[in-house]
Amino acid sequence: MTTKTLDIDVGGMTCAACVGRVERGLKKVEGVQEANVNLATERATVTFDPALTSPAALIQKVVDTGYEARTAELSFPVEGMTCAACVGRVERALNKVDGVLGASVNLATERASVQYLPAATSPAKLREAVQNAGYEVPDEAAQTQTGQTQSRLDAERERKEHEIAGQRRALTVAAAFSIPLFILSMVPMLYMPLHMWLLEHVGEGRLNWLMLALAAPVQFGPGLRFYRTGWAALKHRSPDMNTLVMLGTTAAFAYSLAVTLAPQWFPAASRHVYYEASAVVITLILLGKLFEAIAKGRSSEAMRTLLALQPQSARVQRSTADGQVDGQADVQEIPVDAVKVGDLVLVRSGERLPVDGEVVEGRSYVDESMLTGESVPVLKEAGAKVTGGTVNGTGAFTFRATGVGADTALSRIIRMVEDAQSSRPPIQGLADRVVNVFVPIVLVIAALTFAWWFFAGGEAALTNALIHAVAVLIIACPCAMGLATPVSIMVGSGRAAQMGVLFRTGAALEGLGEAKVVAVDKTGTVTRGQPEVTDVIASDGSPLAEEELLRLAAAAESSSEHPLARAIERAAERPQGSGPKLQATSFEAIPGYGIRATVKGHTVEVGAARFMTRLGLPLGELGARADELAAKARTPVFVAVNGALAGLLGVADPVREGSVQAIQTLKAQGLEVAMITGDAQATAQAVAAETGVSRVLAEVLPEGKSDAVSGLQQGGRAVAFVGDGINDAPALAKADVGVAIGTGTDVAVETADVILMSGDLRGVPNAIALSRATLRNIKMNLFWAFAYNVILIPVAAGALSRWNLNLSPVLAAAAMGLSSVFVLTNALRLRGFRPPLGTSVTQTQQTEGVPQLT
């Protein structure tokens, strides 16, 4: 029995009892031979039988026991991959490394993403595994210029340009020898007098040696790359596209070389050389790879655009130790990487903001279109949040840096887009399953083709066998299959980011387009989430005046995150409600009901009617007044002071601009639109009538929203839920695809699969339209990749030879290259996607803030 030993970093242990619990939990896993946990090092060492369990199962057991199993993620570039078989080989090499929990390799971005146990392996070992598999791992850290930190954008562009330049040089060398070789071998066949003249004055033997002199530099110069990677793949029993090219061109070259050296060994009808086939095939494949590299560069254009948004320098004025501005300090222009949290950053007219922060002085309008997709500038003055990458207008201001480096909103957006681009959607599984067996099957078909023609090919049997077998090997390169899905996901997610829509994963990009029902939260989603107090009604028996009632409620709500709390606070700050601002000395939120706080020694409870019922307070005449408010789409909020019902507030939350248009477009897209809200039935119905929502689920508690989503999923229907608050998190997690309004709470944004950077609901039908377009694009790519092989492999094998329809290796190479170029070009069409709805967010909506992505 073979066993493995694995080290796992365990967090959360505090004593020997914790150690014992983790050890006992691990020992219960089938296949575990021994488990030792060290509290000082916070590490578990496990010896197990890999045939019975896996590192992932051990990790899950630690988590199930109640502790944290620390993992890490690493993303790095991989060079030399040419097709889906390469992807599979790199993934298998990484997954064989002890401590690797999962590995995903993207052919389009040429990057590997690995989740691993840092206690069991290291980034160096992961890179070494890829190198041992026959591929190169460039050192990203070395891609910097002396004395100046080079941005990732420049490094990525330099790497791509270096790759394209290398492909161009190889193609130039190959073409320089292949073109005269092609002319020398093919033109005489088209003009027989010239052919006869060459045979008479030069001789067939000398012609063969001349063609050998032209073919050898191609075969062992630019063609050497196919030997390096192809042979490594063959040694690892994982043949790929390079293996097919290597075998095919070598067969043609070796056969021709044998004819050249010993023509007497071959029948007269078979004494033909195919140097032009091997050389031109290599040249055409290199041409296809050049087009492919150029197209790949274009496919990441959206990402480069995002990366280019961050300036390279910032003008800062350091603050003193107590946080005050040092007026005597000189303004310094420093690299953006050197900006620290707390630095004061000066922004002039027309400049792009280098980092995130909060305005401390000055006033200006800022263009946040890169963040939200909206073109309306946003007013920024003291206290306002600003985001790195946005563009200042005509004013000037100073802000204090709050997010720098990897902690800026732009950096988090870029990471999220990269994660989506490198992740694998479910539809990719089909291509993966086919590719796993495709190349071995092609090798078998090529061998059978050679055998068939060798025994049934007539006088030129050997020649026919060689030509058809080589054509099969060349035509079947699975490049298009490997590129079909990741390139579409890459371009689609990049285009979405430009529209202000962030997909966390490729699965979300695919799944959103398959949704049949869109369920939306009301407050903050369909409505603005910035409601206004329209009515203040004191109870007849209450000693409090309306102004005092409002001030008490505002003080109690000051610690609440609910949008209604902000409305009550704003109302209390109006002139008619002005007075000494009251402070709450304690606060408690009762999810789904309301809040409780202590203000000036009074116990103040604010919430819905069900909260008052829970407290045992009869609503009396205020219940009737609440029904009247609800009929007008105003939310009734009850206020109790010291255990007695004191009054009622009416709050109206206006429908967001664009919500009606968004809901109508969703219905036109064939989707059912439902609204799930905790508000009263009458209020919810009034909003539904205004917006066109056909199904309303009202008075739903936070824990009930998840159940409501489950109800909508009955019958196997995929549901997308759109929300923005903490109470929406369970529903966002339960839905097939969770969509968060980016201006919502951190919890909602973190839980969701898709994030709308602006607060405009019109982003939902736009995102669905893009998802459907991407899915159609993927299906078209996969159809082309599969159909191309299904149709042309039999033709290459000679299935149509009785009608004199044969596919030469040269044409096979051209067709193979065109298949990849077609897939890439088709995916690039997504860059021109136009959303069905334009967005026009008002100034009021924009001032709600920016998404807090974590």
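In this text, all values refer to a predicted model and were calculated from it rather than measured experimentally.

Draft legend 1. A look at the overall build of the protein chain. A count of helical and extended segments in the protein chain gives 30 helices and 28 strands. Looking at the protein chain as a whole, 55% of its 854 residues qualify as buried. Taken as a whole, the protein chain presents about 35,800 Å² of accessible surface, with 56% of it coming from carbon and sulfur.

Draft legend 2. Main features of the environment of Asn 464. Turning to its location among the elements, Asn 464 is positioned in helix α15 (residues 461-475). Using a relative accessible area of 23% as the deciding quantity, one classes Asn 464 as partly exposed. Residues Asn 464 and Thr 449, 15 residues apart in the sequence, show an inter-C-alpha distance of 9.6 Å.

Draft legend 3. Up close: the pattern of salt bridges. Within this structure, the stated rule accounts for 15 salt bridges. Lys 600 serves as the salt-bridge partner of Glu 548, at 4.0 Å between the closest nitrogen and oxygen. You can see Glu 548 sitting in helix α19 (residues 546-557) and its partner Lys 600 sitting in the loop between β20 (594-599) and β21 (602-607), a full 52 residues away along the chain. A residue is classified by how much of its surface remains accessible, and Lys 600, at 54% relative accessible area, is exposed. We note a salt bridge from Arg 717 to Glu 672, for which the minimum N-O separation is 2.7 Å. Of the two residues, Arg 717 sits in the loop between α25 (702-712) and β26 (719-723) while Glu 672 sits in strand β24 (residues 672-676), which places them 45 residues apart along the sequence.

Draft legend 4. The arrangement of the sheet that holds strand β17 (residues 517-521) in detail. The mixed open sheet is built from seven strands, whose spatial order is β16-β28-β27-β26-β17-β24-β25. Looking at which strands have only one partner, the edges of the open sheet turn out to be β16 (501-503) and β25 (695-697). Mean inter-strand twist for the sheet, computed between neighbouring axes without regard to direction, equals 20°. Bridging between β17 and β24 involves five bridges; their strand directions are parallel. Within the sheet, the bridge partner assigned to Ala 519 lies in β24 and is Ala 674. Strands β24 and β25 of the sheet are contacted by helix α24 (residues 681-691), whose axis makes an angle of about 155° with β25. Lying over the sheet, helix α28 (residues 763-797) contacts β16, β17, β26, β27 (737-741) and β28 (754-756), oriented at roughly 50° with respect to β16.

Draft legend 5. Layout of the packing of aromatic side chains. A full pass over the atoms with the stated rule returns seven aromatic pairs. With a centroid separation of 6.0 Å and an interplanar angle of 10°, the aromatic rings of Phe 450 and Phe 454 are classed as stacked. In this pair, Phe 450 and Phe 454 both sit in helix α14 (residues 428-456), four residues apart, roughly one turn of the helix. By relative accessible area, Phe 450 is classed as partly exposed at 31%. On the basis of relative accessibility, which here comes to 38%, the residue Phe 454 falls in the partly exposed class. Between Phe 454 and Phe 455 the ring centres are 5.2 Å apart and the planes differ by 90°, which places this aromatic pair in the edge-to-face class. One aromatic cluster is present, formed by Phe 220, Tyr 227, Phe 253 and Tyr 275 through successive ring pairs.

Draft legend 6. Summary view of the packing of α19 against helix α20 (residues 563-572). Orientation of α19 relative to α20, taken along the N-to-C sense of each, is 135°, at an axis distance of 8 Å. One element, α19, and the other, α20, form an angle in the oblique class. Considering how the two elements wind past one another, α19 and α20 form a crossing that is left-handed. Within the contact between the two elements, α19 uses Leu 550, Ala 553, Ala 554 and Glu 557 and α20 uses Ala 565, Arg 566, Ile 568, Glu 569, Ala 571 and Ala 572. A breakdown of the residues in the contact of α19 with α20 according to their chemical character gives seven nonpolar, no polar and three charged.

Draft legend 7. Structural detail: the sheet that holds β21. Read from one edge of the open sheet, six strands run β18-β23-β22-β21-β20-β19, paired in antiparallel fashion. Of all the strands in the sheet, just β18 (532-538) and β19 (584-590) have a single pairing partner and so form its edges. Taking each pair of neighbouring strands and ignoring which way they run, the sheet shows an average axis angle of 20°. By the bridge criterion, six bridges tie β19 to β20 in an arrangement that is antiparallel. Bridging from a neighbouring strand, Ser 586 pairs with Thr 598 of β20. The strands touched by α19 are β18, β19, β20, β21, β22 (634-641) and β23 (644-652); relative to β18, the strand with the most contacts, the crossing angle is about 125°.

Draft legend 8. Region of interest: the UniProt feature "transmembrane region" (unreviewed entry) in the protein chain. Annotation from UniProt places "transmembrane region" (unreviewed entry) at residues 170-194, 206-224, 244-266, 272-291, 434-455, 467-489, 782-801 and 807-828. For residues 206-224, the helix share is 79%, the strand share is 0%, and the end-to-end C-alpha distance is 26 Å. Split by type, residues 782-801 is 80% helix and 0% strand. Its first and last C-alpha atoms lie 28 Å apart.

Draft legend 9. Local environment of the nonpolar core. Membership of the largest hydrophobic core comes to 136 residues, with the highest contact counts inside it found for Phe 76 and Leu 94. The element that contributes the greatest number of residues to this core is α28, accounting for 16 residues. In contact with Leu 94, not counting residues within four places along its chain, are Phe 76, Val 100, Ala 103, Val 105, Ala 112, Val 114, Leu 126 and Val 130. Residues Leu 550, Ile 568, Val 599 and Ala 646 belong to the second largest nonpolar core, which totals 25 residues.

Draft legend 10. The arrangement of unusual backbone geometry in detail. We note that Asn 642 has phi near 55°; this positive angle belongs to a residue other than glycine. Along the polypeptide, Asn 642 turns up in the loop between β22 and β23. A relative accessible area of 47% places Asn 642 in the partly exposed class. Phi at Glu 699 takes a positive value of approximately 55°, unusual for a residue other than glycine. As for its position among the elements, Glu 699 is in the loop between β25 and α25. Exposure remark for Glu 699: the relative accessible area of 47% places this residue in the partly exposed category.

Cut-offs used in this document
- Residues numbered from 1 in each chain as written.
- Predicted model: local features only at pLDDT ≥ 70, side-chain atom pairs only at ≥ 80, totals over all residues.
- Heavy atoms only, no water.
- Helix = DSSP H or I, 4+ residues; strand = E, 2+ residues; numbered from the N terminus.
- Buried < 20%, exposed > 50% of the residue type's maximum accessible area, 1.4 Å probe, protein only.
- Areas by Shrake-Rupley, 256 points an atom, 1.4 Å probe, with all protein chains shown as cover.
- Salt bridge = Lys/Arg side-chain N within 4 Å of Asp/Glu carboxyl O.
- Pairing = 2+ DSSP bridges.
- Axes fitted to C-alpha atoms, helices over the stretch in contact; angles between N-to-C directions.
- Contact = heavy atoms within 4.5 Å.
- Phe/Tyr/Trp six-rings, centres within 6.5 Å; stacked < 30°, edge-to-face > 60°.
- Parallel < 35°, antiparallel > 145°, perpendicular 65-115°, else oblique.
- Left-handed = near helix turned anticlockwise from the far one by under 90°.
- Nonpolar A, V, L, I, M, F, W, Y, C, P; charged D, E, K, R; others polar.
- UniProt positions renumbered as here; feature names shortened; annotations may be inferred.
- Core = buried A, V, L, I, M, F, W, Y, C linked by side-chain atoms within 4.5 Å.

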